[in-house]
Amino acid sequence: MVHKTVCPYCGVGCGLSVEVSGGHVTRVRGDESHPGSRGMVCRKAVYLPPSLIAPDRALRPQFRPDRSAPFRPTSWDAAMRWAAAGMRRIVDEHGPDAAAFYISGQLLTEDYYVVNKLAKGFIGTNNVDSNSRLCMASAVSAYKMALGQDGPPCTYEDLDLADCFLFIGSNAADCHPVLFKRALKRKESDPAGVTLIAVDPRRTATAKDSDLYLQVRPGGDLALLYGMLHVLIRDGLTDDAFVAAHTVGWDALRDAARDWTPAVAAAQCGIPPEQIERAASAFGRAKRSLSLWSMGLNQTTSGVDKSLMVIALHLATGKIGKPGCGPFSLTGQPNAMGGREVGGLAALLPGHRAVDNPQHRAEMARHWRVPADQMCPRPGLTAIETFEAAAEGRVKAIWVAATNPAVSLPDLKLVREGLLRAELVVVQDAYFPTETTDLAHLALPAAQWSEKEGTATTSERRIAYLPAVGARPGVARPDWQIFAELANRMGYSEGFNYRTAQEVFDDYRACTIGTDMDIGGLSYERLRSEGPTQWPCPAGSSGGTARLYTNGRFATADGRARFFAPQIRPTADRASSAAPFSLTTGREPDQWHTMTRTGKILQLLRSCPEPYLALNPTDAARLGVVEREWLEIEAPGRGAVRLRARVTADVPEGTLFAPFHWGAHWHDGGPLNAVTTRAWDPVSKQPELKLAAVALRKCPGPGGKRSIAQRSEHVAAPPPSTLPEDAPAADDTPTIMPTRSPVHA
Ligand code: SF4
């Protein structure tokens with residue numbers, strides 16, 4: 001049998017054709033009929049089948065009342081009885097805000113909806129935050145502030161139409177490879193007429209394939225954007241009629257940009273003035289300009305300001321709401337967009353509602369049939385705040401779903417302290433053990449991609465239906481069912497008697513009617529028959545909405561977009577004599593998050609079998625460091641990590657880069673986030689994972705057990721009958737993307 005679904009890895013959401021035999025997914029290919037990806041996929045998707053049968057799939061609940069004791073298998077009944085009684089006691093004794101849920105952009109919308117309904121509607125706490133906080137919270141805040149609502153205004157088709165691409169803080173070639181491939185195709189179609197610009201401190205794969213690479217100093221993006229805006233104004237490249245008709249606040253921003261000559265901007269961002277001129281000119285003179293950004297801007301203490309300035313470039317030039325134009329933030333997680341829509345962050349309610357808006361609370365209270373005063377009017381704890389509160393004893397119960405914060409959050413000492421101090425820690429995940437279940441009382445086996453049905457939204461606002469096509473391992477359950485059972489056992493059975501995921505979706509869909517993301521016209525049946533659809537899609541509409549703001553009317557009360565004139569603030573960490581290097585973090589193209597899925601696939605490990613620390617040859621020569629030598633980086637007061645050196649001119653002098661994927665289960669030198677800072681953007685509360693000041697020294701190896709490829713207990717050997725040994729042959733899977741070379745190659 002062949003089924004259509006979408007990829008569970010990144011926010012591109014590529015369409016997949018999945019072959020199933022004997023209840024198991026045996027093969028994955030690109031779905032050529034999918035409107036977003038048109039048959040293209042990257043290697044991670046192709047190697048999904050072995051990740052489903054990995055030896056460490058969670059098969060049954062595991063419990064230990066004392067975390068110094070080993071886990072023992074238990075039944076669902078015993079596990080949920082203990083968990084619900086514990087949550088009930090903590091909420092009754094300490095109040096609703098003593099409980100917190102830390103969830104994930106890996107969850108499907110139905111999973112998100114049920115846990116939000118339980119926490120925000122019934123328990124009465126808004127302490128529900130997602131690892132999407134680490135991904136795109138800054139972009140969310142900026143869209144709402146500037147355009148009046150959350151949601152990228154663009155569509156993937158704009159990649160086929162743009163004349164100028166500004167990739168800023170986005171290594172799309174590695175992190176959103178199918179979209180980058182589409183941009184390259186556009187370039188190939190008109191080499192002289194299309195310009196690709198990449199802005200990044202590191203010469204990434206994206207930078208290498210771009211026409212103009214701007215090697216920005218870490219933290220210098222806002223100065224660059226001001227410099228570009230200065231040139232656009234100076235050279236008459238703004239669209240004054242659009243600005244006058246559709247925006248508010250231009251005069252203040254124009255005045256703020258007056259002093260940002262390319263020379264002034266260059267002094268702050270480290271990019272030569274002539275390159276700033278070239279970038280601004282390409283952006284402003286192109287008929288259609290598209291900006292794409294992700295963690296490089298979002299994961300900083302000025303992430304909202306930077307996102308606002310990207311949006312401002314488009315508003316100032318009128319390049320928004322038109323084909324090939326717009327500010328397009330790319331989500332990292334497969335359903336980070338769905339999480340935003342369904343209220344998966346601590347300040348949100350479903351349907352783009354806000355917890356601090358009395359009317360929104362009243363609407364959701366009616367929908368959920370709960371007293372309005374049962375719902376908390378204050379935003380809940382965000383990701384870092386949750387673990388701070390736990391470390392201080394204010395949060396006593398933490399329920400983690402589909403994520404691994406003991407590796408992925410910054411300042412991991414805090415995460416560990418928080419989890420260890422909490423009285424009740426439950427982790428539901430498709431894999432066991434993880435670094436986070438190591439700190440839990442109860443680990444629950446969750447069904448994952450292909451084993452549960454539901455919906456997810458891609459970066460272009462396209463909602464897809466994902467069918468359950470394969471058998472669940474052991475007694476694993478869909479996440480929404482686990483949350484619904486918790487609700488029922490806590491005494492809220494009246495709101496959670498769903499029998500199917502479709503009933504959950506229908507409940508959610510109904511509450512979006514009349515909102516800016518109305519999906520009243522969608523149903524499982526329609527998504528199955530018509531395929532993935534872009535919101536809004538109200539009842540009676542045919543098809544979805546490709547672009548927002550096509551009529552120049554924005555989602556603010558007066559219909560006008562807003563300019564802001566942000567001040568440049570210093571980064572949280574600054575290089576000093578004690579910590580003279582700036583560490584920036586990121587991803588490898590063939591790994592995903594904390595490796596719980598991709599870490600088991602030998603073919604994916606080959607491109608980067610172990611973590612590394614990239615440093616410039618000049619720094620290496622000064623310190624006498626040679627390739628693969630062990631180095632220790634230390635962030636004073638936070639922690640230290642040991643990694644092997646990778647000497648490469650791709651990082652500038654004084655800057656270091658390392659991928660974050662490897663946790664304690666995979667690497668003896670320590671997880672990278674031991675040294676990153678928990679400092680966050682004051683508006684979005686997204687932490688600054690892109691810049692940590694660290695000391696660097698040579699050191700002996702950690703003396704540990706192994707390289708990752710030797711961890712046979714965690715490495716799944718893919719069945720040869722279902723997977724090729726290496727990259728599949730071209731005639732077998734013609735749409736496979738080439739693997740990018742490691743940074744030093
Ligand atoms: Fe999956 Fe790769 Fe497509 Fe992302 S680009 S959705 S990881 S196939």
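Residues numbered from 1 in each chain as written. Predicted model: local features only at pLDDT ≥ 70, side-chain atom pairs only at ≥ 80, totals over all residues. Heavy atoms only, no water.

Peer 1: Would you explain the packing of aromatic side chains in this entry?
Peer 2: Each aromatic ring pair is described using two quantities: the centre-to-centre distance and the angle formed by the ring planes. Tallied over the entire structure, the rule returns 23 aromatic pairs. Three or more aromatic residues joined by ring pairs make a cluster, and in this case those are Y113, W368, Y465, F505, Y508 and Y524. Seen from the ring of Y431, K600 lies directly overhead, with NZ or CZ sitting 3.8 Å from the centre. (Phe/Tyr/Trp six-rings, centres within 6.5 Å; stacked < 30°, edge-to-face > 60°. Lys NZ or Arg CZ within 6 Å of the ring centre and 35° of its normal.)

Peer 1: Would you mind going over the confidence of the model for the protein with me for this structure?
Peer 2: Predicted coordinates in regions of low pLDDT should not be interpreted in detail. For the protein, the mean per-residue pLDDT works out to 93, and 94% of the residues sit at or above 70. Between residues 705-745, whose pLDDT stays under 50, and residues either more than four places distant or in other chains, the model counts 94 contacts. (pLDDT = per-residue confidence, 0-100. Contact = heavy atoms within 4.5 Å.)

Peer 1: Sorry, what's going on with the pattern of salt bridges here?
Peer 2: When charged atoms on two side chains of opposite charge get close, those side chains can pair. Under the criterion given, the structure shown has 48 salt bridges. One salt bridge connects R88 with D92, and the closest N-O pair in it is separated by 3.0 Å. Placement of both R88 and D92 in helix α3 (residues 76-94) is noted, with a separation of four residues, approximately one turn of the helix. Linking E485 and R477 is a salt bridge whose minimum nitrogen-to-oxygen distance equals 2.5 Å. Judged by relative accessible area, which is 18%, E485 ranks as buried. Because the salt bridges share partners, they merge into one network encompassing D77, R81, R477, E485 and R489. (Salt bridge = Lys/Arg side-chain N within 4 Å of Asp/Glu carboxyl O. Helix = DSSP H or I, 4+ residues; strand = E, 2+ residues; numbered from the N terminus. Buried < 20%, exposed > 50% of the residue type's maximum accessible area, 1.4 Å probe, protein only.)

Peer 1: Before we go on, may I ask you to explain the site of the ligand in this structure?
Peer 2: Taken together, C7, Y9, C10, V12, G13, C14, V41, C42, K44, A45, P177 and V178 are the residues near the ligand. Elements with a minimum of two residues in the shell around the ligand: α1 (43-46) and α7 (177-189). Looking at side-chain class alone, the shell around the ligand contains ten nonpolar, one polar and one charged residues. (Near = heavy atom within 4 Å. Nonpolar A, V, L, I, M, F, W, Y, C, P; charged D, E, K, R; others polar.)

Peer 1: Please clarify how the packing of helix α9 (residues 221-234) against helix α11 (residues 250-257) should be interpreted in this entry.
Peer 2: Helix-helix packing is described using two parameters, namely the angle between the two axes and the distance between the axes. Axis separation between α9 and α11 bottoms out at 9 Å; the angle between their running directions is 105 degrees. In terms of orientation, α9 and α11 fall into the roughly perpendicular class. Contacts between α9 and α11 involve Y226, L229, H230 and I233 from the first element and W250, L253, R254, A256 and A257 from the second. Taken together, the residues that form the contact of α9 with α11 break down as seven nonpolar, one polar and one charged. (Axes fitted to C-alpha atoms, helices over the stretch in contact; angles between N-to-C directions. Parallel < 35°, antiparallel > 145°, perpendicular 65-115°, else oblique.)

Peer 1: Can you help me understand the environment of H665 in this one?
Peer 2: Mapped onto the elements, H665 comes out in the loop between β27 (655-659) and β28 (692-698). Linking H665 and V407, residues 258 residues apart in sequence, is a C-alpha distance of 9.8 Å. Here D438 takes part through its side chain, which lies 2.6 Å from a polar atom of the side chain of H665. (Polar contact = N/O pair within 3.5 Å; in protein donor to acceptor, adjacent residues only side chain to side chain.)

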